[in-house]
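Geometric and topological summary
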Amino acid sequence: MFIRVTNNLSVLFASTVCSLLFATPPVVAQVSPDALSCGNLTPVSKSDTSKPNMVTFASNLSYDTGDTTIGGLWEKSAAGSQGYPINYASYINALGQPLPGYPTTISQLITPDAIDSIVVNAVVDGMPYSQIYPTSAFFDAKAYKAGTVITPSSGSSANQTQAYLDYLGTSPAGTAPPSLGFLRPTPYLLFWTAAGVSIGSSTISYADNPAKRVALWQSIACKPTSGANNVQTGAFVLYNPEVAINSAPIAFTGVGIPASFNAYAVVITGLNPAEGEIGTALSVGGYNLKQSASGNPAKISFFNPSGNAGIESSPPAFVPSGAPNDGTILQATVPPGAATGRVSATADSITYYGPSFRVDVPLPPVIVALSVSSGPIGSTVVITGSGFSSTSAVTLNGTVASFVINSDTQITVTIPPGATSGPIQITNAGGSVNAGTFTVVQKPADFTGDGKSDILWRYQGTGSKQGYNQVWQMNGTSYVTAINLNTTTDLNWQIVGTGDFTGDGKTDILWRYQGTGSKQGYVQIWQMNGTSYVTAINLDPVTDLNWQIVGTGDFTGDGKTDILWRYQGTGSKQGYNQVWQMNGTSYVSSINLNTTTDLNWQIVGTDDFTGDGKTDILWRYQGTGSKQGLNQVWQMNGTSYVTAINLDPVTDLNWQIVGTGDFTGDGKTDILWRYQGTGSKQGYNQVWQMNGTSYVTAINLNTTTDLNWRIRGPR
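By the naming in an unreviewed UniProt entry, the protein chain is IPT/TIG domain-containing protein, taken from Gloeobacter kilaueensis.

Turning our attention to the nonpolar core. Of all hydrophobic cores here, the largest spans 22 residues; its most connected members are Ile268, Leu282, Val284, Leu289, Ile300, Phe302 and Phe357. Breaking this core down by element, the ones donating at least two residues are strand E8 (267-272), strand E10 (281-287), strand E11 (299-302), strand E13 (329-333), strand E14 (341-347) and strand E15 (350-359). Ranked by residue count, the leading element in this core is E15, at four residues. Grouped together as the second largest cluster of nonpolar side chains are 16 residues, Ile383, Val394, Leu396 and Ile415 included.

For the structure shown, the criterion picks out 17 aromatic pairs. Relative to Tyr533, the ring of Trp526 lies with its centre 5.0 Å away and its plane at 70°, an arrangement referred to as edge-to-face. In this structure Tyr533 comes out as partly exposed when scored by relative accessible area, which is 35%. Plain terms: the ring middles of Trp688 and Tyr695 are 4.9 Å apart, the flat faces sit at 65° to each other, and that makes the pair edge-to-face. When its relative accessible area of 8% is taken as the criterion, Trp688 is described as buried. By relative accessible area, which is 36% here, Tyr695 ends up partly exposed. Grouped by ring-pair contacts, the aromatic residues Trp457, Tyr459, Trp472, Tyr479 and Trp709 constitute a single cluster.

Right, let's talk about the pairing of strand E36 (residues 616-621) for a bit. Taking burial as the measure, the six residues of E36 include six buried ones, the bulk of the element. Because side chains alternate across E36, one face comprises the buried residues Asp616, Leu618 and Arg620, and the other comprises Ile617, Trp619 and Tyr621, equally buried. Where strand E35 (residues 601-607) and E36 come together, six bridges link them in antiparallel fashion. Within E36, the position partnered with Ile603 by the bridge is Trp619. Of the strand pairs in this sheet, E36 and strand E37 (residues 631-637) are connected by four bridges, and their pairing is antiparallel. By the bridge assignment for E37, Arg620 is matched with Asn631.

A complete count under the given rule lists two salt bridges for this structure. A salt bridge links Arg358 to Glu275; the shortest N-O distance between them is 3.9 Å. Placement of Arg358 in strand E15 and of Glu275 in strand E9 (residues 275-276) is noted, with a sequence separation of 83 residues between them. For Glu275, a relative accessible area of 39% puts it in the partly exposed group. Close ionic contact of Asp360 with Arg358 constitutes a salt bridge, the shortest N to O distance being 3.5 Å. A network of salt bridges, in which partner residues are shared, links Glu275, Arg358 and Asp360.

Predicted confidence across the protein chain gives a mean pLDDT of 73, with 63% of residues reaching 70 or more. Scored below 50 in pLDDT, residues 1-33 shows 85 contacts in the model against residues more than four places distant or in partner chains. Segment residues 49-129: pLDDT under 50, and 209 contacts once partners within four positions in sequence are set aside and those in other chains are kept.

Another point: the side chain of Asp662. On the secondary structure map, Asp662 appears in the loop between strand E39 (655-661) and strand E40 (670-675). Overall, the relative accessible area of 9% leaves Asp662 in the buried class. Of the polar contacts made by the side chain of Asp662, one reaches the backbone nitrogen of Thr664; its length is 3.4 Å. At a separation of 2.9 Å, a polar atom in the side chain of Asp662 contacts the main-chain amide nitrogen of Gly665.

What follows deals with the sheet that holds E8. Strand order in the open sheet formed by three strands is E8-E10-E13, with antiparallel pairing between adjacent strands. Strands with a single pairing partner mark the edges of an open sheet, and in this sheet they are E8 and E13. The sheet shows a mean angle of 30° between the axes of neighbouring strands, direction not considered. Bridge count for E8 against E10 is five bridges, and the pairing is antiparallel. Within E10, the residue paired with Val267 across the bridge is Tyr287.

The rules behind each value
Residues numbered from 1 in each chain as written. Predicted model: local features only at pLDDT ≥ 70, side-chain atom pairs only at ≥ 80, totals over all residues. Heavy atoms only, no water. Core = buried A, V, L, I, M, F, W, Y, C linked by side-chain atoms within 4.5 Å. Buried < 20%, exposed > 50% of the residue type's maximum accessible area, 1.4 Å probe, protein only. Helix = DSSP H or I, 4+ residues; strand = E, 2+ residues; numbered from the N terminus. Phe/Tyr/Trp six-rings, centres within 6.5 Å; stacked < 30°, edge-to-face > 60°. Pairing = 2+ DSSP bridges. Salt bridge = Lys/Arg side-chain N within 4 Å of Asp/Glu carboxyl O. pLDDT = per-residue confidence, 0-100. Contact = heavy atoms within 4.5 Å. Polar contact = N/O pair within 3.5 Å; in protein donor to acceptor, adjacent residues only side chain to side chain. Axes fitted to C-alpha atoms, helices over the stretch in contact; angles between N-to-C directions.

Below, the structure is given as structure tokens:
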């Protein structure tokens, strides 16, 4: 009858004495039987009357549970009627098989209570020892009479024990598989006793003989937990480690029994931490965690749920910086594919299975909120939530974005060059999640896609340059290079705005035909791919040339570029201001704004001056009198007027506002000026750096003295 003495025999010693990472394993010969315990269970005492526990145990083993003993079968078969062994050579071997040529009747045989493997992890004479004995015999060597557990060495049982030692020490104890590298396992004799009951001294003395080559163990019996059908095994003590270990078949490199203890065994005593995600670095403590010849670190492997072979630490285990290379500590990293299970160490072709490491399955990020839902290239959005510590990638509509992990609950993402509106996707070790839709607000006239405002020019004069269109690529307020666009020699075609009408994240050019004839009032968009022309898209024409396009911007808050008109003629419509709500290149609706009948007030720019994410309107007074040269911002809430904010006036009307954009890279809208007069300032170009609606400083750009060159964007 085979039973399993413990659920995990490999922790016979290690689980009770090596729970800490660098706990020192005891010299097992020094463990006192008096210190044996049942942990959280209750030991079976000498006077224990809870007979059902023992009866259940005996019944499970098919023992006779009459008025005799649990050990009765053993006593009857081993000692016969005389109370001592008839012939020790007649006992079966440790595998429960009769020896050839001997009687097989029940009166002459004894069956071990269990045949199972045992792992010994110990320190003997200052050296660590670890070995697996796969087919060891376990005997219940206690007697139970009248509710009392008695010592197995009392009375004639001492003779019985000595008979077993004689037999086990001189007879083959089973044949282990050849692949295990040794001829036969060392037999073990295990005594289950009650609290305070020890093995008799004569039995210990008899067993402590190298010629016997038998390991003599004692374990305390423990009452089972609720619902259990067995007497539990408590702590163990090995009485004769020198005999049991020094003479054990420790054939790590071949078959044989060494004359003295010289085994080199790798042992893991602890992990710190014992839980973490893939990629977690941990310390592995133990003994002989290195190859005996080369001194290289042992191979540390983690449980592989899809196969027998473990998954090696990635990168391979190494000795931590500053630690001695004495085989007591390594650093390993939980590799991809690992699962919860025991960690192993392999050195000198020996693999030791140590404590379990719990692999936590990471979860995808959890999104709570975005600080803003729109912004230009180069701006930032702060995302709050959780699970950001292991973030490996962030994309905006498929474009890779840079990011800074502020904490596990906050991450800052920078809108990358070339990005278009769409979902922000955050990826960590647990997967990917969409953080929400972000609308990329194109900086005015960013033709080169670097997140910086460029300057769009058109040559309004005659001659060889007539109708030239050119982009100044800017690096803030510094000129980089001039890039020629397609030429349009018909000067009736006027550039009246810039913006992303086609929704591809690139700046397009808005044209209006200011001449008469069949094209009068045509409105057209040049779809651009950077500085390359793609195609022309016609919008609805407006033949009344008093209606002038004066700006572009997202007035309706839908992330799409709208068109701002002003009526420059007289009559009932004089001073009308109107927004065309656009859906890409399709007209949706007209929305009237407040009227300004004084036509000296000219709309000269649109952008967000007040920092609320909404497009405002920039005005300049082009007339004479007390208002000459006044500059004013209409703060807008969509298409609703909020208030008028006066800027610093510039009374010299030769200074013309020709564009708006963030030239200084501080995320705030600046104002672009050009001097249209003659004299020493002719052709000056200047940026007013603004802090919202407050003037900061004036920054001179390159001068272009030919006044036929007109700035047409950003606007």
